[in-house]
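# Residue-level structure breakdown
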Amino acid sequence: MSGAGTDAAAFTGLTNLAAERLGAKALSASDEFFAEKENLLKPGRGIFIPDKYTENGKWMDGWESRRKRVPGHDWCVIRLGTPGIIHGVDIDTNHFLGNHPPYASIEACDTPPETFDPATAQWVELLPKSALKAGSQNIFAVGDRRQWTHVRLNIYPDGGVARFRVYGEVKPDWASLKPDAVIDLACLTSGSKALACSDMFFSPMENLILPGPSTHMGDGWETRRKRGPGNDWIIVQLGAPGMLKQVEVDTSHFKGNYPDRCSLDACYLPGADINTLNAHEIPWRNLLPESKLQMDHRHFFEKELSDVGPVSHVRLNIYPDGGVARLRCFGVRIDPSSTLSMERSHDHAG
């Protein structure tokens, strides 16, 4: 069940599972004569350069097929960056005016990448054939709450789409990991979420937990210059509760604007969203004491970490302000059913 006319704000806090930065990939398309399918997954809404042409025609920042002169329709198959539950999609036809598809539909399947074959996959319709507007974000809600690994965007009969976003919840494949595997529980691909921060004037808080290294200063989290008392902070919900072994605070690309110091607090409230956290007095425990930082440097903390027991959320405090490229929280995932007894045991021991 799907609905049109949904406001993009409805997907705030969800992850774009079709983002190139998350590892999503456009696997195949029926046609990409005018513009490549890979453009669908890039950030932004696409740009328009009036006088730019290629040997095939007008250069367009999106995916564009040639004019169809035979029956049928065009399509593009995309592997999501991580398995997930889809809540909504954005079929953005920005800058495609006389050449946008009048209609589109979306199908999905749940198949391991190593065995995926688009010809034999069990495709399920998530969005029926729906009308699209030219030069617009066409946003649709999706009601099917099953997990998916791949999607197929169908356009009728042909045309161009600037960007394609698939908003949803990351569902990591925990079964493929060893029980004692040490992983980055604060990474977006582990299902983590940036819940709230004091300020994100220069760049969004979600950048802090992106996979892979930061590529430039705008690819991290940066606050404005603080002119009053206090310090800046950000709260991250880990992808799963865990026992943290090592923390990395990466200030790569931040030179004249890196924080002077940082500290890290932790708490154990599995599944708590920001509203729940705000409604209760949070039992924060100091995980990393206030520590000096350097510009453009990856800082690793291990011996400095306090034993605070199982952790579900962390709060990175920076003093007084500035930019941080990435936060990594390496630890061993804990079975949520056993964390309560572990927490009680730790409290008693303390």
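What counts, and where the lines are drawn
- Residues numbered from 1 in each chain as written.
- Predicted model: local features only at pLDDT ≥ 70, side-chain atom pairs only at ≥ 80, totals over all residues.
- Heavy atoms only, no water.
- Helix = DSSP H or I, 4+ residues; strand = E, 2+ residues; numbered from the N terminus.
- Contact = heavy atoms within 4.5 Å.
- Areas by Shrake-Rupley, 256 points an atom, 1.4 Å probe, with all protein chains shown as cover.
- Lys, Arg positive; Asp, Glu negative; His and termini not counted.
- Charge placed at Lys NZ, Arg CZ, Asp CG, Glu CD.
- Buried < 20%, exposed > 50% of the residue type's maximum accessible area, 1.4 Å probe, protein only.
- Pairing = 2+ DSSP bridges.
- Phe/Tyr/Trp six-rings, centres within 6.5 Å; stacked < 30°, edge-to-face > 60°.
- Lys NZ or Arg CZ within 6 Å of the ring centre and 35° of its normal.
- Core = buried A, V, L, I, M, F, W, Y, C linked by side-chain atoms within 4.5 Å.
- pLDDT = per-residue confidence, 0-100.
- Salt bridge = Lys/Arg side-chain N within 4 Å of Asp/Glu carboxyl O.

Across its full length, the chain carries two helices and 23 strands. Each principal axis of the C-alpha atoms in the chain carries an extent, and together these give about 75 × 45 × 35 Å. Partitioning the contacts of the chain with sequence separation of at least 6, the portion at a separation of at least 24 is 79%. Put simply, the chain shows about 16700 Å² of open surface, and 52% of that area lies on carbon and sulfur atoms. Computed over 38 positive and 44 negative side-chain charges, the inter-centroid distance for the chain is 3 Å.

Turning next to the pairing of strand β13 (residues 163–170). Of all eight residues in β13, seven are buried, a share of seventy percent or more. Note: strand β2 (residues 15–16) against β13, two bridges, orientation antiparallel. Paired with asparagine 16 across the strands is tyrosine 167, a residue of β13. In terms of strand pairing, strand β7 (residues 74–92) meets β13 through eight bridges, oriented antiparallel. Within the sheet, the bridge partner assigned to glycine 84 lies in β13 and is valine 170.

The next thing to look at is unusual backbone geometry. With an omega dihedral of -15°, the bond running from tyrosine 156 to proline 157 counts as a cis peptide bond. Relative to the elements of secondary structure, proline 157 occurs in the loop between β11 (147–156) and β12 (160–161). A cis amide bond links tyrosine 319 with the next residue in sequence, proline 320, at an omega value of -10°. Of note, proline 320 is situated in the loop between β21 (311–319) and β22 (323–324).

In this section: the environment of lysine 25. Along the chain, the position of lysine 25 falls in strand β3 (residues 25–29). Spatially, the C-alpha atom of lysine 25 lies 25 Å from that of methionine 217, the residues being 192 residues apart in sequence. Non-local contacts of lysine 25, meaning those with residues more than four positions away in its chain, are made with Leu41, Val77, Ile78 and Arg79.

Turning to the packing of aromatic side chains, a few remarks are in order. How two aromatic rings sit relative to each other is set out by the distance from centre to centre and by the angle between their planes. In total, this model carries four aromatic pairs according to the counting rule given. Ring centres of phenylalanine 201 and phenylalanine 202 lie 4.9 Å apart, and the angle between their planes is 85°; on these two criteria the pair is classed as edge-to-face. Sitting over the face of the ring of phenylalanine 48, lysine 58 holds its NZ or CZ atom 4.7 Å from the ring centroid. The lysine or arginine in question, lysine 129, covers the ring of tyrosine 156, its NZ or CZ lying 4.6 Å from the ring centre.

The next point concerns the nonpolar core. Ile86, Ile91, Phe164, Val314 and Leu316 are the most contacted members of the largest nonpolar core, which has 66 residues in total. Sorting elements by how many residues they give to this core places strand β17 (residues 232–250) first, with seven residues. Not counting chain neighbours up to four residues away, the residues in contact with valine 314 comprise Ile234, Ile235, Val236, Leu238, Leu244, Leu264, Asp265, Ala266, Trp284, Leu327 and Cys329. Core analysis: the second largest hydrophobic core is formed by nine residues, Leu195, Ala196, Ile274 and Ile282 among them.

The next thing to look at is the confidence of the model for the chain. The pLDDT averaged across the chain works out to 93; a share of 94% of its residues lies at or above 70. Note on residues 341–350: pLDDT is under 50 here. Beyond four places in sequence and across chains, it has 11 contacts.

One pass over the full model with this rule turns up 21 salt bridges. Across the pair aspartate 219 and arginine 21 runs a salt bridge whose closest N-O atoms are separated by 3.0 Å. Placement of the pair is aspartate 219 in the loop between β15 (193–197) and β16 (221–222) and arginine 21 in the loop between β2 and β3, with a sequence separation of 198 residues. A salt bridge links aspartate 92 to arginine 165, with the nearest nitrogen and oxygen atoms 3.8 Å apart. Placement of aspartate 92 in strand β7 and of arginine 165 in strand β13 is noted, with a sequence separation of 73 residues between them. The pair aspartate 92 / arginine 165 is uniform in exposure class, with both members buried. Because the salt bridges share partners, they merge into one network encompassing Arg45, Asp90, Asp92 and Arg165.

Of all 10 residues in β11, nine are buried; the element is thus mostly enclosed. Taken together, the eight bridges between β7 and β11 define a ladder with antiparallel strand orientation. Across the sheet, valine 77 pairs through a bridge with arginine 152, a residue of β11.

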